[in-house]
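The lines below spell out each chain.
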Amino acid sequence: MKDKSRTDIELTPLKAEIESIFNESNIDEDCDTITRLLSPYRKTVRESLS
């Protein structure tokens, strides 16, 4: 898979933090590591969407 940066969205600090979680070293069989690392952002994202 080719690493291609999106140019149609604004990269905010929050998006940059979340996107940094999706790297090869965090990918495991069940994506448990990614789930655990994303967990603290759930409340922040939910509040932003409200």
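Calculation notes
Residues numbered from 1 in each chain as written. Predicted model: local features only at pLDDT ≥ 70, side-chain atom pairs only at ≥ 80, totals over all residues. Heavy atoms only, no water. Helix = DSSP H or I, 4+ residues; strand = E, 2+ residues; numbered from the N terminus. Buried < 20%, exposed > 50% of the residue type's maximum accessible area, 1.4 Å probe, protein only. Salt bridge = Lys/Arg side-chain N within 4 Å of Asp/Glu carboxyl O. Axes fitted to C-alpha atoms, helices over the stretch in contact; angles between N-to-C directions. Parallel < 35°, antiparallel > 145°, perpendicular 65-115°, else oblique. Left-handed = near helix turned anticlockwise from the far one by under 90°. Contact = heavy atoms within 4.5 Å.

Caption draft 1: Representation of the overall build of the chain within the structure. What the chain contains, in helices and strands, is three helices and zero strands. In the chain, the succession of helices and strands from N to C terminus is α-α-α. Counting across all 50 residues of the chain, residues that qualify as buried make up 12%.

Caption draft 2: Spatial organisation of the pattern of salt bridges. One pass over the full model with this rule turns up one salt bridge. A salt bridge links K43 to E47; its shortest N-O distance comes to 4.0 Å. Remark: E47 and K43 occur in helix α3 (residues 41-49); sequence separation between them is four residues, near one turn of the helix. Just as K43 is exposed, E47 falls in that class too.

Caption draft 3: Up close: the packing of helix α1 (residues 13-21) against α3. Between α1 and α3, the least distance of the axes is 12 Å, while the angle of their chain directions is 140 degrees. For the element pair α1 / α3, the angle class is oblique. The way α1 lies across α3 gives a crossing that is left-handed. Taking contact as the criterion, the partners of L14, E17, I18 and I21 in α1 are, on α3, Y41, T44 and V45.

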